[in-house]
Amino acid sequence: WGKISDLYGRRLIFQAAIVTFLVGSLLAGLAQNIDELIIFRAVQGLGGGGLFALALATIGDVIPPRERGRYQGYFGAVFGTSSVLGPVLGGFLADGPGWRWIFFINVPIGLVALVVTSAALKLPHVRRDHSIDYLGAATIVSAVTCVLLYTAWAGPSPTYGWGSALGIGLLVAAGALTALFVLVESRAAEPIIPLELFGMRVFSLAIVFAFVIGVAMFGSLIFLPYYLQIVRGFSPTESGLGLLPMVVGIFSTSIGAGQIMSRTGRYKAFPILGALFTAIGLLLLSRLGVDTPYWQTAVSVYVLGAGLGFTMQIIITVVQNAVDRRHMGTSTSSVTFFRSMGGAFGTALFGAILSSRLTVHLGDALPAGRAARIDTQDMSAISRLPDGLRQLVVGAFADSLHDVFLWAVPVVLVALAVSFFIPEMPLRSRDMPAGQAAAPTGESVAAPAR
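First, a word on what this report is: a plain description of the structure on this page. (Residues numbered from 1 in each chain as written. Predicted model: local features only at pLDDT ≥ 70, side-chain atom pairs only at ≥ 80, totals over all residues. Heavy atoms only, no water.)

Another point: the overall build of the protein. Each helix and strand counted, the protein has 19 helices and zero strands in total. When burial is assessed residue by residue, the protein has 50% of its 450 residues classed as buried. Partitioning the contacts of the protein with sequence separation of at least 6, the portion at a separation of at least 24 is 79%. As displayed, the protein has an accessible area near 20,300 Å², and 68% of this comes from carbon and sulfur atoms. (Helix = DSSP H or I, 4+ residues; strand = E, 2+ residues; numbered from the N terminus. Buried < 20%, exposed > 50% of the residue type's maximum accessible area, 1.4 Å probe, protein only. Contact = heavy atoms within 4.5 Å. Areas by Shrake-Rupley, 256 points an atom, 1.4 Å probe, with all protein chains shown as cover.)

This next bit is on the nonpolar core. Counting 81 residues, the largest nonpolar core has Phe209, Leu224, Met246, Tyr267, Leu282, Leu285 and Phe350 as the members making the most contacts within it. Broken down by element, this core gets its largest block of residues, 16 residues, from helix α19 (residues 387–419). Ignoring sequence-local partners within four residues, the contact set of Phe350 consists of Val215, Ala216, Gly219, Ser220, Phe223, Val404, Trp407, Ala408 and Val411. By size, the runner-up hydrophobic cluster in this structure holds eight residues, among which are Phe14, Ile18, Leu54 and Leu114. (Core = buried A, V, L, I, M, F, W, Y, C linked by side-chain atoms within 4.5 Å.)

One way to put it is that helix α10 (residues 201–221) packs onto helix α16 (residues 314–322) with a least axis distance of 9 Å and a crossing angle of 160 degrees. Between α10 and α16, the crossing angle belongs to the class labelled roughly antiparallel. The crossing of α10 and α16 is left-handed. Residues Val202, Phe203, Ala206 and Phe209 of α10 pack against Ile315, Val318, Val319 and Ala322 of α16. Here the residues of the contact of α10 with α16 are counted per class, giving eight nonpolar, no polar and no charged. (Axes fitted to C-alpha atoms, helices over the stretch in contact; angles between N-to-C directions. Parallel < 35°, antiparallel > 145°, perpendicular 65-115°, else oblique. Left-handed = near helix turned anticlockwise from the far one by under 90°. Nonpolar A, V, L, I, M, F, W, Y, C, P; charged D, E, K, R; others polar.)

This part takes up helix α6 (residues 106–120). When the terminal C-alpha atoms of α6 are compared, their 21 Å separation across 15 residues agrees well with the 21 Å that a helix rising 1.5 Å per residue should span. Every buried residue of α6 is listed here: Asn106, Gly110, Leu114 and Thr117. Seen from one end, α6 has its buried residues packed into an arc of 75 degrees, which puts them on one side. Away from its buried face, by an angle of more than 90 degrees, α6 presents the exposed residues Ile109, Val112, Val115, Ala119 and Ala120. For α6, the secondary structure elements touched by its buried residues are α2 (10–29), α3 (34–62) and α5 (101–104). (Expected span 1.5 Å × (residues − 1). Arc of directions from axis to C-beta.)

Now for the packing of helix α14 (residues 269–285) against helix α15 (residues 294–311). Between α14 and α15, the shortest axis-to-axis distance is 7 Å and the interhelical angle comes to 160 degrees. Relative to α15, the element α14 lies roughly antiparallel. Classified by chirality, the crossing of α15 by α14 is left-handed. Taken together, the residues of α15 that come into contact with α14 (itself represented by Phe270, Pro271, Leu273, Gly274, Ala275, Phe277, Thr278, Ile280, Gly281, Leu282, Leu284 and Leu285) are Ser300, Val301, Val303, Leu304, Ala306, Gly307, Leu308, Phe310 and Thr311. Along the lines of polarity and charge, the residues of the contact of α14 with α15 split into 15 nonpolar, six polar and no charged.

Any functional reading would require information beyond the geometric quantities listed.
In structure tokens form, the structure reads like this:
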């Protein structure tokens, strides 16, 4: 989406992404079986990828980096709030009119977005000669798919386990496809991700930071409803409401960091603070148990939300400030892509950890053979278990989630280490052309080819 928008113009491609998302949402709501739902969710995700990347790239087109921190802060607050309040609305719809309305509700909102972008989004665009890098797109998606399948299928099974023939084959395929992607990009006339971008320390380190923080943050965030619904017995709606302190954390740091960055022109401290707050939040979450009072849960998710607010949009501005305008869409979508890939990888990885640890803790808590007869995927079935048995199962879940959150901490520490090496470049103002921001100490910026 980002590369195509650089070639064809932002508004048209943004609207195409909205339409794709709406079609996927409508079809998902009409799905008659799980196979159809999976396929239509893929269509919805295809459009959603464009919404993420192109909204941010559009801000990069309109607002200079020195002023962008304030708007990125607002954007981060909206994104973070909707990410947390979405489960509240989703829980309400699932408990009330039905799950299909989780998808149908996107349609009127998306139609409003189409009207607004048609009326208000006026962006000049200069067409340039190009060819679309289909092979590059295919190889990178294939490589990522192999890695995600490896983590999603991993476990004790001899067929799908970490060391199984299939698992090793997927890793080998991922490595070969990654090498092929680099080869294709080095020869493509218009590479989907220009390799020259990776030669910039700001871009390459920001990509690594976005991926690693995505692994830890989003990979662990998805398991919070497990704790609230299974361990604490919250309903889906109550579970969403239980995450409201995270909204406060996102608001307070995202908007505050954006304002400070706009006034001072400096951003170096915010990725560091974001990774630090995230690590502290995950440590606090790892201490939650069956009898933990809710206020401790609220403090933990607030700290995690504060980490989200410090990192989510700041890193986008950092990259947009460093690259030439002709790479605005590509660079922006690359950051969101690697962060989303990190989140998907983290979800699969920590899901595998939860599954394996749950097997161990249930085996320790229950008589031999009894654990295998409990459907741990059905939250409502767990809630209907006899009190004594349910308490044992809930305790095993709490212990397993403790392991998940604790395993996420060293991953965040990697992001913290990377954040110290991200160079700080003065943020461009309106009178400074793209690609001419001052270089960080000890690093020169080559003039981009035009």
